[in-house]
Each structure stands twice: as structure tokens, then as C-alpha cells.
Amino acid sequence: MNRDGLSRTRTYAAGALALLAFATACGDNGGGGGSAAPAATTAAPRASAAGGTPTAAATTPGAAPAPAQGDAAAWAKWNLKPLAPAPAPPADKPIKLERTGTVPVFSDVKTSDKVVFVTIDDGAEKDPKFVEMLTDLKVPISMFLTKDIVKNDYGYFKPLQALGNHIQNHTVTHPVMSKLSADKQKSEICDDQAALTQQYGTAPLLFRPPFGDGANTPMLNTSVQKCGPRAIVLWRESMQIHDMQYQAGDKKLKPGDIILAHFRGPKELKGATMTQMFGDLLARIQEQGFSVARLEDYIQAPAS
């Protein structure tokens, strides 16, 4: 799912509606089923960030200041080559969020560090082997969770959170947001915000609209502002089953790129497991010489 531009999203609106039932079960892109989901409304200009006064960095209970990505034996256990450790998070955060006003929309982070950020959406697949894998490898992720998809087992994501991974907002029912009224948009975002805050003890700072739809529309921005998240996060690459789709024509990762993946299992991954998909993702990142950093370590939360 790697289209740029709101106009192209409209072009694929019919596809979005057709995939709603599938998306509710397994996420944003169509990699597991072999067909592409609707495009993100707009990939924000590279190196976008909101200005602001420096304050304390975003934190979550148990968060490590910088991910130390496992040891050689742990990587060998999963038949992977170790990634280079991510550098220490910058003291001056590239993205600075404000407490009020319009929220920024971004799909990458301005940095010279050779790092990328892995985000995983929805929450349909709850494979205990994936928890084991992340516990071994200590690769940081950001989780954008959908209430109706995760409510049958909120507890699955708590060990992942305990590793320092943040939980973010991805609506209640995974709808095409531009098709909703302002009140319905607000309900989708605010109800997910309330549920995730209650279950995980910290309010999501970030929001991702399903399919990236409506990300740059004033109505959705206003709805997000009313519910608590202070930024809308898109992506530059999306992980399918064994490889990535790229928005850039050169099909290469760039420093600060945000990568989209999903909690999916063999049914949606044509027989592959969640750990196999994630291992292939890490291999693609390693092949291009990148490390994985924690997205929230590059974001400055608003002043209280």
C-alpha cells in the first residue's frame, strides 16, 4: 500500500469499501490476501515535523531509553543475522508535538541516523511465538491497535508493552474514515483512546487512520484533536508477506522511514506465520544496512 496523494485515495475508495470486512479482521494492507488495500491519503513530505518548545520525551511504563537489539545467539535462534544496534535517541527530538491545535501528519522522521521505525497495526493475530521473538531480539515496535480486534485478548499485548513498546490509536472498528460524519469519526477515535488508556495505563499519543484514509482532511484532524492523540502517523513502506512495498521509486529505505506491518497469521499470509513475516522484514532492513529505532524516542511529547 504505497500510493501518494488524496486524489489517488479517491481512486481506490471502491477498493477500500470492498476490503472492509477483510480489513476488520486483519488490517490495512492486502499483503496477506494478495490484493492491495486503499492507498494512504497523502504521504507527508519527507522530514516533516511540527515545531515546539523542547520538553520531556514521550515515555511509556517500562520503556528503555534506547533499544539494545539482542545478541547473536538470540538472532541465530530465529535464523536471522543481527541488526546493528540503534544509536542513542537524540536529545533534540526531530518531531515536537504541541498540546493544542492542528496535529501534524507525517510518514517519516527527519534524521541523519541510519534507522527506520517499525509499526504494527490492528492486532488480529495473537501469536505467542511473536512475543517470544521480540523478547529475544529486543527490536522495538509501535502498536496501533483497533479495539474491536483486540478486545477478545487485551492481555496479549501487555508483554509487548512491557518490553518498552508503545500502544497507539487505530480506531474501534477500522472504518474508512472519510466516509464517516464528524461525530462518528470522533466516536471511533475517542472510544479507542479510552479503551486503550484503561487497558494499558497510558493514553496513546499517536493516531493512524485505517488505510491512511482521510489523514490530511481538516475534519479528521479536528476529530483527532478532540480525542487526545497529538499526531497522525502514516508510512513510507508496507511489509507484505516476504517483501516490502515502497512508495519511493528507487525501492530503497531512507533514514527515518516509517514501515507499516500487521498482526497477521497464516490465513492472511498465505501459510506464513507472524514470526516468519517479521523475520523477513528484519532481513530486508538488515540487507540495506539499517537499524530499527523506537519511533516514540524521536518524538517530543507536548508539555503537560
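Rules used throughout
- Residues numbered from 1 in each chain as written.
- Predicted model: local features only at pLDDT ≥ 70, side-chain atom pairs only at ≥ 80, totals over all residues.
- Heavy atoms only, no water.
- Helix = DSSP H or I, 4+ residues; strand = E, 2+ residues; numbered from the N terminus.
- Buried < 20%, exposed > 50% of the residue type's maximum accessible area, 1.4 Å probe, protein only.
- Contact = heavy atoms within 4.5 Å.
- Areas by Shrake-Rupley, 256 points an atom, 1.4 Å probe, with all protein chains shown as cover.
- Phe/Tyr/Trp six-rings, centres within 6.5 Å; stacked < 30°, edge-to-face > 60°.
- pLDDT = per-residue confidence, 0-100.
- Axes fitted to C-alpha atoms, helices over the stretch in contact; angles between N-to-C directions.
- Left-handed = near helix turned anticlockwise from the far one by under 90°.
- Nonpolar A, V, L, I, M, F, W, Y, C, P; charged D, E, K, R; others polar.

The next thing to look at is the overall build of the protein chain. Each helix and strand counted, the protein chain has ten helices and twelve strands in total. The 304 residues of the protein chain split such that 57% are buried. Contacts in the protein chain between residues at least 24 apart in sequence constitute 80% of all its contacts with a sequence separation of at least 6. For the protein chain, the accessible surface area stands at approximately 11,500 Å², while carbon and sulfur atoms represent 54% of it.

Below, the discussion takes up the packing of aromatic side chains. Applying the stated criterion to the full structure yields six aromatic pairs. Pairing Phe-130 with Phe-278 gives two aromatic rings, centres 5.2 Å apart and planes at 80 degrees, and the pair type is edge-to-face. With Phe-130 in helix 5 (residues 128-137) and Phe-278 in helix 10 (residues 274-287), the pair connects residues that are 148 residues apart, well separated along the chain. Pairing Phe-157 with Phe-263 gives two aromatic rings, centres 5.3 Å apart and planes at 90 degrees, and the pair type is edge-to-face. Of this pair, Phe-157 sits in the loop between helix 6 (147-150) and helix 7 (158-162) while Phe-263 sits in the loop between strand 10 (258-262) and helix 10; the two residues are 106 residues apart in sequence, bridging distant segments of the chain.

Attention shifts here to the confidence of the model for the protein chain. The predicted coordinates of low-pLDDT regions are not to be read in fine detail. This prediction gives the protein chain a mean pLDDT of 84; 77% of its residues lie at or above 70. Predicted confidence is poor over residues 1-66, with pLDDT under 50, and the contacts of this stretch with residues over four places away or in other chains come to 196 contacts.

Even without glycine at this site, Lys-138 takes up a positive phi of about 60 degrees. Note on placement: Lys-138 falls in the loop between helix 5 and strand 4 (142-145). Relative accessible area serves as the criterion here: at 44%, Lys-138 is assigned to the partly exposed category.

Before going further, it helps to examine the packing of helix 8 (residues 182-200) against helix 9 (residues 218-227). Two elements in contact, helix 8 and helix 9, have axes separated by 9 Å at closest approach and are oriented at 35 degrees. Judged by the sense of rotation from one axis to the other, the crossing of helix 8 with helix 9 is right-handed. Contacts from Ala-182, Gln-185, Lys-186, Ile-189, Cys-190 and Gln-193 of helix 8 reach helix 9 at Met-219, Leu-220, Ser-223, Val-224, Lys-226 and Cys-227. Looking at the contact of helix 8 with helix 9, its residues break down into seven nonpolar, three polar and two charged.

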